[in-house]
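Chains, contacts and geometry: an overview
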Protein chains: 2
Amino acid sequence: MSSGQFTSLILDAFLPYRLSIVSNKIRHALSNTYSKKFDLTPVEWRVLAVLGQKEEMSADEICRFTETDKVAISRAVSKLVRKKRISRKRSSSDRRRSILRLTKYGLSIYESIVPLVLQLEDNLVAGLSAGERRQFLELLGKIDRQVSSLKISPEF
Amino acid sequence: MSSGQFTSLILDAFLPYRLSIVSNKIRHALSNTYSKKFDLTPVEWRVLAVLGQKEEMSADEICRFTETDKVAISRAVSKLVRKKRISRKRSSSDRRRSILRLTKYGLSIYESIVPLVLQLEDNLVAGLSAGERRQFLELLGKIDRQVSSLKISPEF
DNA sequence: TGCAATTAGTTTCATATGAAACTAATATGG
DNA sequence: CCATATTAGTTTCATATGAAACTAATTGCA
């Protein structure tokens, strides 16, 4: 039966698919550098990474900074506290809010992982010139803003 | 304490992180277009998408084509068969292998979703010129090949 | 020819994740 | 001042996912 009117989806040219594939590969590669060695899940690493960059943050701030679901952050924070990698203190100005910081132990884990993930990143972009790297991040930023503006108008 | 010797990780400039954020946003946006409406998970959609593009494939071929874990594909295939969206027939030349195809029902679901996801893709790249789109996919392809070559050398 | 290695796909078990609902605290407006 | 709405974070329940082990069939080599 002729389907001349129907446009089949060519996955290799479908941007969301391509992005997903590459992102998954990188996530696995990243996970391989720290997951077993440091007993960390990707979201836990993300929390450590944020707290390594900023001195202290609340869970809600981490959610907004990393655009990650609050339940996932909550669970990761609880595990990191239990593993004594971060500390949690109630904010005196808003007792709903907690103040999170890396412990010395957490900081040492963070400082051990950073060179590894930076090395991985270097390997990833080894085939790109410096100009191409900048270009890629710029285009990615444009797509990021587009998808964010889509989310602002929920369809329900 | 001076930490002049240590390079903190700046997440906004960290490519894997940026890719992950954008990819997650897109995955959610995509999922919103078909997940509830068509009762599909992302992996199930991926299987439909591949079978919509190719007439028939084995599970193993879908795994390799989409670079997706065989357990995930196996589970998605079983659910799609149960939902009568694809059919599964044993290969006569290799009885380990199954031949998967879209059913009429599955094809109609596929044909309903494709315009939606193509529209979403159009919206995603609305801020890019045609040249920038090509450039982005080319650079993404380079990164893809780099990360694939990393995986070829497992570290254990 | 026969057996070990490999392949195609499935299942088990433990953990992660998503959606929704929850608690406690604060903000806002009448 | 008080009731309602909102915010920060947690918990529950169901489903998804990851890792490992499994079964059945095929391939390759001695």
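Residues numbered from 1 in each chain as written. Chains lettered and ligands numbered in written order. Predicted model: local features only at pLDDT ≥ 70, side-chain atom pairs only at ≥ 80, totals over all residues. Heavy atoms only, no water.

**Notes on the protein's contact with DNA strand D**
In the neighbourhood of DNA strand D, 18 residues make up the surrounding shell, with A:Asp60, A:Ser74, A:Arg88, A:Arg96 and B:Arg75 lying closest. Sugar plus phosphate, as a fraction of atoms of DNA strand D within 4 Å of the protein: 55%. In the environment of DNA strand D, a phosphate oxygen lies 3.2 Å from a nitrogen or oxygen atom belonging to the backbone of B:Arg95. At the level of secondary structure, the elements contributing two or more residues to the surface near DNA strand D comprise α3 (59-66) and α4 (70-82) of chain A together with α4 (70-82) of chain B. At 4 residues, α4(A) tops the list of elements feeding residues into the surface near DNA strand D. (Near = heavy atom within 4 Å. Polar contact = N/O pair within 3.5 Å; in protein donor to acceptor, adjacent residues only side chain to side chain. Helix = DSSP H or I, 4+ residues; strand = E, 2+ residues; numbered from the N terminus.)

**A look at the protein's contact with DNA strand C**
The environment of DNA strand C is made up of 18 residues, and the closest members are A:Arg75, B:Asp60, B:Ser74, B:Arg88 and B:Arg96. Among all atoms of DNA strand C positioned within 4 Å of the protein, those belonging to sugar or phosphate total 55%. Here a phosphate oxygen of DNA strand C sits 3.2 Å away from a polar atom, N or O, in the main chain of A:Arg95. Backbone polar atom of B:Ser98 to a phosphate oxygen of DNA strand C: 2.8 Å apart, as the coordinates give it. The leading source of residues in the surface near DNA strand C is α4(B), at 4 residues. For the surface near DNA strand C, the residue count by class is 3 nonpolar, 4 polar and 11 charged. (Nonpolar A, V, L, I, M, F, W, Y, C, P; charged D, E, K, R; others polar.)

**A closer look at the pattern of salt bridges**
Applying the stated criterion to the full structure yields 23 salt bridges over all chains. One salt bridge connects B:Lys25 with A:Asp144, and the closest N-O pair in it is separated by 2.4 Å. Here B:Lys25 is found in helix α1 (residues 15-38), whereas its partner A:Asp144 is found in helix α6 (residues 130-151) on a different chain. Classification of A:Asp144 as buried rests on a relative accessible area of 11%. (Salt bridge = Lys/Arg side-chain N within 4 Å of Asp/Glu carboxyl O. Buried < 20%, exposed > 50% of the residue type's maximum accessible area, 1.4 Å probe, protein only.)

**Things to note about the sheet that holds strand β2 (residues 86-90) of chain A**
All names here are of chain A. Judged by pairing direction, the sheet is antiparallel, and its 3 strands sit side by side in the order β1-β3-β2 without closing on themselves. At either end of the open sheet lies a strand with only one pairing partner, and these are β1 (56-57) and β2. Sheet topology places β2 next to strand β3 (residues 98-102); 5 bridges connect them, and they run antiparallel. Directly across from Arg90, in β3, lies its bridge partner Ser98. Seen against the sheet, α4 touches β2 and β3 and runs at an angle of roughly 110° to β2. (Pairing = 2+ DSSP bridges. Contact = heavy atoms within 4.5 Å. Axes fitted to C-alpha atoms, helices over the stretch in contact; angles between N-to-C directions.)

**Considerations on α3(A)**
For α3(A), the full list of buried residues reads A:Ile62, A:Cys63 and A:Thr66. On an axial view of α3(A), the arc spanned by its buried residues comes to 105°, and they lie on one face. Those residues of α3(A) hidden inside the fold are in contact with α2 (42-53), β1, α4 and β3 of chain A together with α1 of chain B. (Arc of directions from axis to C-beta.)

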